[in-house]
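The lines below spell out each chain.
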Amino acid sequence: MNFTFRPLDPLADAELLHSWVTHPKAAFWMMQDAKLEDVERAYMEIAADEHHHALLGLLDGEPAFLMERYDPAHRELAGLYEPEAGDVGMHFLVPATDTPVHGFTRAVITAVLAHLFADPATTRIVVEPDIRNKAVHALNEAVGFLPAREIRTPEKAALLSFCTRARFERAVAS
């Protein structure tokens, strides 16, 4: 699959994002009751934040998923673990579909990690999915993440996990 990335436009992309983040299958995104204006506001805040960036992943030029990159020393995980130089935090959302494609979500997370590791300054990717999100834990493990420990964020009980470049490369080579 040929994925590309472009910066998210908080206003132009808000309607699409709203349909993705409010879908029942996106419950772990914690925006189920968001109104369109709430989504616009949330992504305008990200767009204005030097430590947090939102990108749309495109498949053949069409929006296919959402990716967020953040600095865990300044956002999300600030004060919850000891960040290392080269740590990059990541979130991703694959929207619900009536016609699922086998292997699509794994292809997405692989593309997301490859995109993040394309930056030579990135040495480790950090994630903090909800502890109850067993599907994403399995997916994370498949691309090289190692769970570290359970942590408590303001929003959830989360599984802090890390993926080094070497672990990612081994995982995708096998």
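These figures come from a predicted structure and were not determined experimentally.

Caption draft 1: Representation of the pattern of salt bridges within the structure. Under the criterion given, the structure shown has eight salt bridges. Of the charged contacts in the structure, one is a salt bridge between Arg6 and Asp13, with a shortest N-O distance of 2.9 Å. Members of the salt-bridge network, linked through shared partners, are Glu84, Asp87 and Arg124.

Caption draft 2: Structural view of the sheet that holds strand 7 (residues 157–164). Here we have seven strands laid out as an open sheet, ordered 1-2-3-4-5-7-6, and mixed in their pairing. Strands with a single pairing partner mark the edges of an open sheet, and in this sheet they are strand 1 (3–7) and strand 6 (146–152). Here the average twist between neighbouring strands, direction ignored, is 30°. Bridging between strand 6 and strand 7 involves six bridges; their strand directions are antiparallel. Residue pairing in the sheet places Pro147 in a bridge with Ser161 of strand 7.

Caption draft 3: Molecular detail of helix 3 (residues 104–117). Between its first and last C-alpha, helix 3 extends 20 Å over 14 residues, near the 20 Å set by a 1.5 Å rise per residue. If you check which residues of helix 3 are buried, you get Phe104, Val108, Ile109, Ala111, Val112, Leu113, Leu116 and Phe117.

Caption draft 4: Summary view of the pairing of strand 4 (residues 87–93). Counting buried residues in strand 4 gives seven out of seven residues, a clear majority hidden from the surface. Where strand 3 (residues 62–70) and strand 4 come together, five bridges link them in antiparallel fashion. Bridged to Arg69 within strand 4 is Met90. Across three bridges, the pairing between strand 4 and strand 5 (residues 124–127) is parallel. The residue bridging Val88 from the neighbouring strand is Ile125, located in strand 5.

Caption draft 5: How the structure looks around the nonpolar core. By size, the foremost hydrophobic cluster in this structure holds 24 residues, and its most contacted members are Met90, Phe92, Val112, Leu113 and Phe145. Those elements that place two or more of their residues in this core are strand 3, strand 4, helix 3, strand 5 and helix 4 (134–142). When residues of this core are assigned to their parent elements, the largest contribution, eight residues, is made by helix 3. Residues within four places of Phe92 in sequence aside, it is in contact with Trp29, Leu66, Met67, Thr105, Val108, Ile109, Val112, Val136 and Leu139. Grouped together as the second largest cluster of nonpolar side chains are 16 residues, Val21, Trp29, Val39 and Ala54 included.

Caption draft 6: Local environment of the side chain of Ser161. Take Ser161: it is sitting in strand 7. The contact partners of Ser161, leaving out residues within four places of it in the chain, are Ile125, Val126, Val127, Phe145, Leu146, Pro147 and Ala148.

Caption draft 7: Spatial organisation of helix 1 (residues 14–21). Within the sequence span of helix 1, burial applies to Ala14, Leu17, Trp20 and Val21. The buried residues of helix 1 all sit within an arc of 120° when viewed along its axis, so they share a single face. Those residues of helix 1 that are buried are in contact with helix 2 (36–47), strand 2 (52–59), strand 3 and strand 4.

Definitions and cut-offs
Residues numbered from 1 in each chain as written. Predicted model: local features only at pLDDT ≥ 70, side-chain atom pairs only at ≥ 80, totals over all residues. Heavy atoms only, no water. Salt bridge = Lys/Arg side-chain N within 4 Å of Asp/Glu carboxyl O. Pairing = 2+ DSSP bridges. Helix = DSSP H or I, 4+ residues; strand = E, 2+ residues; numbered from the N terminus. Axes fitted to C-alpha atoms, helices over the stretch in contact; angles between N-to-C directions. Expected span 1.5 Å × (residues − 1). Buried < 20%, exposed > 50% of the residue type's maximum accessible area, 1.4 Å probe, protein only. Core = buried A, V, L, I, M, F, W, Y, C linked by side-chain atoms within 4.5 Å. Contact = heavy atoms within 4.5 Å. Arc of directions from axis to C-beta.

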